[in-house]
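Breakdown of the fold
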Amino acid sequence: MRTNVDSLIDKETIDIVNQVESDAMADAGEYVVNQTSNDDILIICDSLVKIFKTEDVEVMALQGLDMEIRRGELLSVIGKSGSGKSTLMNIIGGLEKPSAGKITVGGKNLSEMTDKEMVSYRKKTVGFVWQKSGRNLLGYLTSLENIEFAMNFTGIKGKEKREKALKLIEMVGMSHKKDSYPHQMSGGEQQRIAIAVALANDPEILLADEPTGAVDTKTSNMIQDLFRELNRKLGLTIIIVTHDMKLANKVDRVVMISDGKISTEKIMKAQYREKIDNMEGMELDEDAHEEFSVLDKAHRVQLNEEMLEAAGIDTNKVKITVEDGKVIITAENSR
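Overview of the structure. Keep in mind it's a predicted model, so treat the numbers as computed, not measured. (Residues numbered from 1 in each chain as written. Predicted model: local features only at pLDDT ≥ 70, side-chain atom pairs only at ≥ 80, totals over all residues. Heavy atoms only, no water.)

On a plain count of helices and strands, the protein chain comes out with eleven helices and 14 strands. When each of the 335 residues of the protein chain is scored for burial, the buried share is 47%. By sequence separation, contacts in the protein chain at least 24 residues apart represent 68% of the contacts at least 6 residues apart. (Helix = DSSP H or I, 4+ residues; strand = E, 2+ residues; numbered from the N terminus. Buried < 20%, exposed > 50% of the residue type's maximum accessible area, 1.4 Å probe, protein only. Contact = heavy atoms within 4.5 Å.)

Written as structure tokens, this is what we have:
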């Protein structure tokens, strides 16, 4: 029996995520992504498959997903519940391994890493921002102490640790809340501190799971602008998993996942990229991105529900013709 069940996936991954803090304390072997490579591609997902199993249920979260992410790219991954987007993020973050296929980061195959190498990868290469503040911040520590705590696994100590924590909290615009505890801050303020915590290990990749899911529109816009500023100033590769189309539309590339595969991509047009870089809080119209369907390695393409409905296609058979260099898909009963 095969199905898409978000709750099952969440149950499977939450236990793994809860081990991150204890894992980071392990005496791990050294692993650092090669940042001096001339190759512009940082992450390569090659035919990724991920299957979750219980006694009577098999969940195929990823079904041969292919994707490349460039170093320093700012992109969002969107899709319906159960589409596989969170599973993809967990695999990129080293929280899970694929059932089949290969993922390489900086030329290193994550699937072949030992447990110690994977812990070191999470410590040195990836920063996480989760939707729920309880997974980002420790409630008994102040904002500044939360950031400093994350540095315990980087080797930075004493005065240098404090100075770096102050710099990070200033970078996210929260210096005035450095002595506040999580319960004394709003959801948006907590997320800003969570971003500073995620940057404490100087990661090359920042992964954000629904970072604006629990905040209002104004705060969401502020967080969107902050991600873009960090991407531009620090050269961070930022991957945002979200349902928030307003957030998705402010990134350079939008990747849509459907049934465990990439179905479409939207690329921001150059003129809009220049405008948004120069204007904080700018709202983009629907023309800001150009949309492309994605061919997989077998040259297959997915058609979304809107396309099928507009073309009057309501069966699993279509007619395909090539006219004047264009591929034309029509309904089975069309003339």
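Quick look at the nonpolar core now. Judged by nonpolar contacts, the single largest core of 34 residues is most densely connected at I147, I195, F227 and I238. Put simply, the parts of the chain that give this core at least two residues each are strand 4 (74-78), helix 5 (143-150), helix 6 (158-171), helix 7 (187-198), strand 8 (205-209), helix 8 (217-234) and strand 9 (237-241). With six residues, the single largest contributor to this core is helix 7. Ranked by size, the runner-up nonpolar core spans 32 residues in total, among them I43, L75, W130 and V255. (Core = buried A, V, L, I, M, F, W, Y, C linked by side-chain atoms within 4.5 Å.)

Here we come to the packing of helix 7 against helix 8. Two elements in contact, helix 7 and helix 8, have axes separated by 10 Å at closest approach and are oriented at 15°. Taken together, the axes of helix 7 and helix 8 are roughly parallel relative to one another. Every pair of crossing elements has a handedness; the one defined by helix 7 and helix 8 is right-handed. Of the residues in helix 8, those touching helix 7 at G188, Q191, R192 and I195 are T219, M222, I223, L226, F227 and L230. For the contact of helix 7 with helix 8, a count of residues per class yields six nonpolar, three polar and one charged. (Axes fitted to C-alpha atoms, helices over the stretch in contact; angles between N-to-C directions. Parallel < 35°, antiparallel > 145°, perpendicular 65-115°, else oblique. Left-handed = near helix turned anticlockwise from the far one by under 90°. Nonpolar A, V, L, I, M, F, W, Y, C, P; charged D, E, K, R; others polar.)

Once that is clear, we can look at the packing of helix 5 against helix 6. The contact between helix 5 and helix 6 brings their axes to 9 Å, and the two run at 120°. Accordingly, the angle class assigned to the pair helix 5 and helix 6 is oblique. Between helix 5 and helix 6 lies a crossing of right-handed hand. Facing helix 5, whose interface residues are S143, L144, I147 and E148, helix 6 presents K161, R162, A165, L166, L168 and I169. Considering only residue class, the contact of helix 5 with helix 6 consists of six nonpolar, one polar and three charged.

The quantities given are spatial measurements derived from coordinates; they are silent on function.
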